[in-house]
Amino acid sequence: MSAVPGLQADCEELLGAFLEADTVRFERFAELWRERRFHTIFYGRIRALERNKLTKKTLELAQQYFLPPYAFQIRVGALYLLYGLYNTQLCQPKQKIRIALRDWPEIQRFQQDLIDSQHYDAAYIFRTLRLARAFHFTAMPKLLNYRTKKKTEENEFKEEFKEPSNRVNSLITNDLLEELMNIHDHYQKMKCVISADKSQPDKALSLIKDDFVVNLKDVALDYQEWQQNRMKLFLNAKETGETSKKKEEETLVESEGSERANALARIKYKSYSAVIEASKSRRHRQVRLESSESGSNCGKSPSKSEKNSRRPQPAGRRDSLE
Amino acid sequence: QESHAIGRRPDNPADLVEEGELLLTLNIFYPVIFQKHKDHKPYQTVFVLGSQELTQLRDSISCVSDLQIGGEFSNQPDQAPEHISKDLYKSAFFYFEGIFYNDRRYSECRDLSRTITEWSESHDRGYGNLQSVKMEDYTFNDLSLKIGFPYLFCHQGNCEHIIIITDIRLIHYDDCLDRTLYPLLIKKHWLCTRKCFVCKMYTARWVTNKDSLAPEDPCFFCDVCFRMLHYDAEGNKLGEFLAYPYVDPGIFN
């Protein structure tokens, strides 16, 4: 099945507006839906066969946003979108929403989350869809179609919709920290038991930092904060970079980004320029300070390198305008 | 194209499809007869229930090679035999995941897959252990299948159809729930029928070779034109020719 032109853009626009509204209430979604008269999306095809195909493709596209790795708000928006599309479709009998077997546990967890966080409107809507028999329980998510394609189309989804993958947090979970804390306390107690003074462990036995669990938690939190700030910075920079062509605004973006870049460069310079003199026994292997222009780029995060690469662009654009 | 059976309920309540039944969607491809079909093979789409036996699917596959009538009948055109190939050569097999499911319901059925299994066992060809079992003992629920992977149906000795399973899902309230209608034909490729060379109106029923009266070889005729051209009023054969009964692939349209 070839993609329907404009369908993905429309859905992403609606979900993007819902994301910005920063709420998961259905009333807000319904307002956005009505503003756009989204039900007219089905008016394009008149003949029954084409109507069926269009509806199937629309539901299939919307269904993809309902599953991970999308952020919670997007998933709730996708649920509302599916509800709207399922009910406003013109096919008789209605085309169903295909959900694969492997996705059902995740969806049930999602429903439980909705109920636990008291988003009863979303939970009610999901229940309504279930009662209306809107789902097909399938083995595989995508219905196969046999047409030899010349090239495979790749789905490029918007980066902003995805929940930022936080690998540090998935590794250092709350459970893990709790367990570490317990083990640490147990360890301290054991040390006390075998020490001469029962109230505190022997000085000879202090081999680790006492508060390392707390430090670990702080480091993980810091990382999460940094990641969120970086996302915000990236989004702001992207907006200002796209809308402005004036040099002043570019330099503003540059200064934001270049502050951090300069700070990092300074630190790196300090560490790389201080050469430790080797001991006399290794005189023949003195450390030499190598200077490389690209050396400072290795450690930079991708967003900064993107900003750097964007700098030459406005010049090019202005040249073409003149 | 599925519209004719959507929501159907059976007259006999014993024929009602139960909840939890699996519905498989199969694409059965026609063997390539015409060269234009090489890149986009025509196929038919069939719905099958998980609890149905493989033999039920085998019986529902309509292939023109089953209707062929063997033999040359220029000398006795009225005596085209009653038996079609389907009655004479009843053997068939399915091949799924390394196992050949042979039709052994009738005594005439042979194990067509034996050639293949013997070939694979004769040397170390790297095909592992190919087994051969009876088709009538298995339902689709017993099989482990891959979606989108090509499997085989072979009948008439050498007529091979590729089978691909495109979807497996649970039966739904809106589906046809009359068990007697399954396997259910959903979609069929429409083939152009070859018309008689003379009248260009009726579908060809005879084909002639080495025909001194015909402008091309082979040449197709409908029954009426064939008799009018090749036989006189008393039924004597005129000219030299070989005549075979012809079944057009578009007969199932």
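Preceding this paragraph is the structure being described.
Structural notes, computed from the coordinates.

What counts and how
- Residues numbered from 1 in each chain as written.
- Chains lettered and ligands numbered in written order.
- Predicted model: local features only at pLDDT ≥ 70, side-chain atom pairs only at ≥ 80, totals over all residues.
- Heavy atoms only, no water.
- Helix = DSSP H or I, 4+ residues; strand = E, 2+ residues; numbered from the N terminus.
- Buried < 20%, exposed > 50% of the residue type's maximum accessible area, 1.4 Å probe, protein only.
- Contact = heavy atoms within 4.5 Å.
- Areas by Shrake-Rupley, 256 points an atom, 1.4 Å probe, with all protein chains shown as cover.
- Pairing = 2+ DSSP bridges.
- Axes fitted to C-alpha atoms, helices over the stretch in contact; angles between N-to-C directions.
- Disulfide = S-S within 2.5 Å.
- Lys, Arg positive; Asp, Glu negative; His and termini not counted.
- Salt bridge = Lys/Arg side-chain N within 4 Å of Asp/Glu carboxyl O.
- Polar contact = N/O pair within 3.5 Å; in protein donor to acceptor, adjacent residues only side chain to side chain.
- Phe/Tyr/Trp six-rings, centres within 6.5 Å; stacked < 30°, edge-to-face > 60°.
- Buried area = accessible area lost by both parts, 1.4 Å probe.

### Quick word on the overall build of chain A
Counting its regular elements, chain A contains 12 helices and 2 strands. Residue burial in chain A is summarised as follows: out of 322 residues, 29% are buried. Long-range pairs, those at least 24 residues apart, make up 72% of the contacts in chain A between residues at least 6 apart in sequence. On chain A, roughly 22100 Å² of surface is accessible, and the fraction owed to carbon and sulfur atoms is 53%.

### Observations regarding the sheet that holds strand S11 (residues 242-245) of chain B
Residues and elements named next belong to chain B. With antiparallel pairing, the 3 strands of this open sheet are ordered in space as S10-S9-S11. The open sheet has two edge strands, strand S10 (219-221) and S11, and neither has a second partner. This sheet shows a mean twist of 30° between the axes of neighbouring strands, independent of strand direction. As defined by bridge partners, strand S9 (residues 206-209) adjoins S10 across 3 bridges and the pair is classed as antiparallel. The residue of S10 that forms the bridge with Val-207 is Phe-220. Each of S9, S10 and S11 touches helix H4 (residues 223-230); the most contacted strand, S9, lies at about 40° to it.

### Structural notes on the state of the cysteines
Residues and elements named next belong to chain B. Tallied over the entire structure, the rule returns 0 disulfides over all chains. With no disulfide of its own, Cys-219 lies 7.8 Å from the sulfur of Cys-196, the closest cysteine sulfur. Cysteine Cys-222 remains unbridged, with the sulfur of Cys-225 as its closest cysteine sulfur at 3.4 Å.

### A word on the side chain of Asp178(B)
Residues and elements named next belong to chain B. The topology assignment puts Asp-178 in the loop between strand S7 (159-170) and strand S8 (184-187). Buried charge without a partner: Asp-178 forms no salt bridge, and the closest opposite charge is Arg-8, 5.0 Å away. A polar contact is formed between the side chain of Asp-178 and the side chain of Thr-180, at a distance of 2.8 Å. Leaving out residues up to four positions away in the same chain, Asp-178 has contacts with Arg-8, Arg-9, Pro-10, Asp-15 and Val-17.

### Some thoughts on the packing of aromatic side chains
Residues and elements named next belong to chain A. Enumeration according to the criterion identifies 32 aromatic pairs over all chains in this entry. For the ring pair Phe-26 and Tyr-83, a centre distance of 5.9 Å and an interplane angle of 75° mean the geometry is edge-to-face. Residue Phe-26 is located in helix H2 (residues 26-36), and its partner Tyr-83 is located in helix H4 (residues 72-88); the two are separated by 57 residues in the primary sequence. Residue classification places Tyr-83 among the partly exposed residues on the basis of a relative accessible area of 22%.

### Topic: the interface of chain A and chain B
At the junction of the two partners, chain A supplies 14 residues and chain B supplies 16 residues. With both sides pooled, the region where chain A packs onto chain B buries about 1400 Å², and carbon together with sulfur makes up 63% of that total. Linking chain A with chain B are 2 salt bridges. The closest approach of N and O atoms between Asp174(B) and Lys96(A), which form a salt bridge, is 2.6 Å. In terms of residues, the side of chain A that touches chain B owes the most to one element, strand S2 (residues 135-138) of chain A, which gives 4 residues.

### A closer look at the environment of Arg169(B)
Position of Arg169(B) relative to the elements: it lies in strand S7. Each C-alpha atom of the pair Arg169(B) and Gly20(B) lies 9.5 Å from the other, and the pair is 149 residues apart in sequence. When sequence neighbours within four positions are dropped, the list of residues in contact with Arg169(B) reads His136(A), Phe137(A), Thr138(A), Glu21(B), Leu22(B), Leu23(B) and Asp175(B). Within the structure, Arg169(B) has its side chain in polar contact with the side chain of Asp175(B) (distance 3.0 Å).

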